[in-house]
Amino acid sequence: SRPRGAGGGTALLPSMLMFGVILASSGLLLMIEKGILAEVKPPPLQPAGGERSRRGGGGGQEAPGELEAEVLRDIRNRTIRAVCGQPAMPRSVWELPAGQRRTVLRHLLVSDKYRFLYCYVPKVACSNWKRILKVLDGALESVDVKLKMDHKSDLVFLGDMRPDEISYRLKNYYKFIFVRNPMERLLSAYRNKFGEIKEYQQKYGVEIVRRYRKNGGNSAGDDVTFSEFLRYLLDEEAERMNEHWMPIYNLCQPCAVRYDFIGSYERLNADANHVLERVRSPSFVRFPERQPWYKPVTAETLHYYLCNTQRRLIKELLPKYILDFSLFAYPLPNITSEFCRQ
């Protein structure tokens, strides 16, 4: 990792440009400086075209109406067009620096049978989508098969193909991603990786505690605080982060890859079913039910963590994830004193 403010060279220029464009166009800089965070939350997303899915499956709640969904889709589409239309922005994956291109290509999963590309984002139901891809490819019998997810085998990654094969699929296949509120995604990654996964505790937790806690050298990495985690993120370059907390923009490059559909974690069931119908998957393939052991991040949980974290830390971190907030129309977290007293 590099300390804050370390040089990133010309590879970081597009990100800085977009950051400036968004701040100038939406007033986010003023909101960050004053701690005034979005009062009006955007409506939940409904599948394009207002289609009512005939599939079952678990996930998000049903959308309250098509009008609200259209508004949110329009906000996202307009913002992405405005930002990605800037002269310095990449128009294809071949215009990206090599490291950024490798990242997005290794996160694009391929289904040649159903002609689609899915950019997986960790902590946005990607394990269930990988399960679906394995079912569609015949490697799994059913989405309900009880087994530990292997995130590598029986999956086809766009980055493993030749340049001409990559270009053909990017041009001709249906492309989609699923997004999530950035702070909720970070909290989900923190609780999962440092609360449950020994590998992450040893690989990242020990170093985080050693770096940010006085006399923290004896920690086993299983007691990382949320504030320590945020301080670690502040000191990390976005493009070098672990994929579980790397910004969605850096993972999936929505300017270089023109996605046909952006689904949301908040509308998981309806949006997933829309995609499955759009790619004409078999009717027996449905999005998996949420596992009973899964502990979702609730609004109350997020409120607790954010309001018990130094406001300065959150405000300093927002610029690093500002493209995820802005491009995908998520409100900035409300950490005002008034809200936190509630």
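Residues numbered from 1 in each chain as written. Predicted model: local features only at pLDDT ≥ 70, side-chain atom pairs only at ≥ 80, totals over all residues. Heavy atoms only, no water.

- By the naming in an unreviewed UniProt entry, the chain goes by Carbohydrate sulfotransferase and is assigned to Dromas ardeola.
- Turning to the chain, the UniProt annotation filed under Sequence similarities (unreviewed entry) states: "Belongs to the sulfotransferase 2 family."
- Recorded in UniProt under Subcellular location (unreviewed entry), the annotation for the chain is "Golgi apparatus membrane". (UniProt positions renumbered as here; feature names shortened; annotations may be inferred.)

### What about helix H9 (residues 226–234)?
Point 1. For H9, a buried count of seven out of nine residues is recorded, marking the element as mostly surrounded by other parts of the structure.
Point 2. Those residues of H9 that sit buried are Phe226, Glu228, Phe229, Leu230, Tyr232, Leu233 and Leu234.
Point 3. Packed against the buried residues of H9 are helix H7 (182–195), helix H8 (198–212), helix H12 (299–307) and helix H13 (311–317). (Buried < 20%, exposed > 50% of the residue type's maximum accessible area, 1.4 Å probe, protein only. Helix = DSSP H or I, 4+ residues; strand = E, 2+ residues; numbered from the N terminus. Contact = heavy atoms within 4.5 Å.)

### A look at the packing of H7 against H12
Point 1. At a minimum axis distance of 11 Å, the contact between H7 and H12 shows a crossing angle of 85 degrees. With respect to their mutual orientation, H7 and H12 come out roughly perpendicular. In this structure, H7 contributes Met183, Glu184, Leu187, Tyr190 and Arg191 to the contact, and H12 contributes Thr301, Leu302, Tyr305 and Leu306.
Point 2. When grouped by side-chain class, the residues that make up the contact of H7 with H12 number six nonpolar, one polar and two charged. (Axes fitted to C-alpha atoms, helices over the stretch in contact; angles between N-to-C directions. Parallel < 35°, antiparallel > 145°, perpendicular 65-115°, else oblique. Nonpolar A, V, L, I, M, F, W, Y, C, P; charged D, E, K, R; others polar.)

### A look at the environment of Tyr212
Point 1. Within the element layout of this structure, Tyr212 appears in helix H8.
Point 2. For Tyr212 and Ser227, which are 15 residues apart along the polypeptide, the C-alpha to C-alpha distance reads 9.5 Å.
Point 3. Among the polar contacts made by the side chain of Tyr212, one reaches the side chain of Asp235 at a distance of 2.7 Å. (Polar contact = N/O pair within 3.5 Å; in protein donor to acceptor, adjacent residues only side chain to side chain.)

### Here's the deal with the pattern of salt bridges
Oppositely charged side chains are able to pair whenever their charged atoms sit close together.
Point 1. Throughout the structure, instances matching the rule amount to 12 salt bridges.
Point 2. A salt bridge links Arg162 to Asp164, with the shortest nitrogen-to-oxygen separation between them at 3.1 Å.
Point 3. Taken together, the shared-partner salt bridges in this structure form one network comprising Arg162, Asp164 and Glu165. (Salt bridge = Lys/Arg side-chain N within 4 Å of Asp/Glu carboxyl O.)

### Quick notes on the state of the cysteines
Point 1. Under the definition given, this model contains three disulfides.
Point 2. Covalent S-S linkage joins Cys119 and Cys252, the inter-sulfur distance amounting to 2.0 Å. When the S-S torsion is -95 degrees, as for the bridge of Cys119 with Cys252, the disulfide is left-handed. Pair noted here: Cys119 is in strand S2 (residues 116–119) and Cys252 is in helix H10 (residues 248–252), with a separation of 133 residues, a long-range link.
Point 3. With a relative accessible area of 0%, Cys119 lands in the buried category.
Point 4. Note on Cys252: relative accessible area 0%, which makes it buried.
Point 5. Note on cysteine connectivity: Cys307 is disulfide-linked to Cys340, with sulfurs 2.1 Å apart. The S-S bond linking Cys307 to Cys340 shows a torsion near -75 degrees; that makes this disulfide left-handed. Of this pair, Cys307 sits in helix H12 while Cys340 sits in helix H15 (residues 337–341), and the two are 33 residues apart along the sequence. (Disulfide = S-S within 2.5 Å.)

### Notes on the pairing of strand S1 (residues 108–111)
Point 1. Burial of the side chains of S1 extends over both faces: Leu108 and Val110 are buried on one face and Leu109 and Ser111 on the other.
Point 2. As paired strands, S1 and S2 are joined by four bridges and run antiparallel to one another. Following the sheet pairing, Leu109 is matched in S2 by Tyr118. (Pairing = 2+ DSSP bridges.)

### A closer look at a nonpolar patch on the surface
Point 1. A cluster of nonpolar residues, Leu67, Val71 and Ile75, forms a patch on the protein surface that exposes about 270 Å² of accessible area.
Point 2. The residue Ile75 is located in helix H3 (residues 66–84) in this model. (Patch = residues over 30% accessible without salt bridge, like charges linked within 9 Å, V, L, I, M, F, W, Y side chains within 5 Å. Areas by Shrake-Rupley, 256 points an atom, 1.4 Å probe, with all protein chains shown as cover.)

### Examining the pairing of strand S3 (residues 174–179)
Point 1. Within S3, six of the six residues are buried, which leaves it mostly tucked inside the rest of the structure.
Point 2. Residues Tyr174, Phe176 and Phe178 point to one face of S3 and Lys175, Ile177 and Val179 to the other, with burial holding for every one of them.
Point 3. By the bridge criterion, four bridges tie S2 to S3 in an arrangement that is parallel. Each residue of the ladder has a partner; that of Tyr118, found in S3, is Phe176.
Point 4. Bridge count for S3 against strand S4 (residues 261–264) is four bridges, and the pairing is parallel. Along S4, the bridge assignment pairs Val179 with Ser264.

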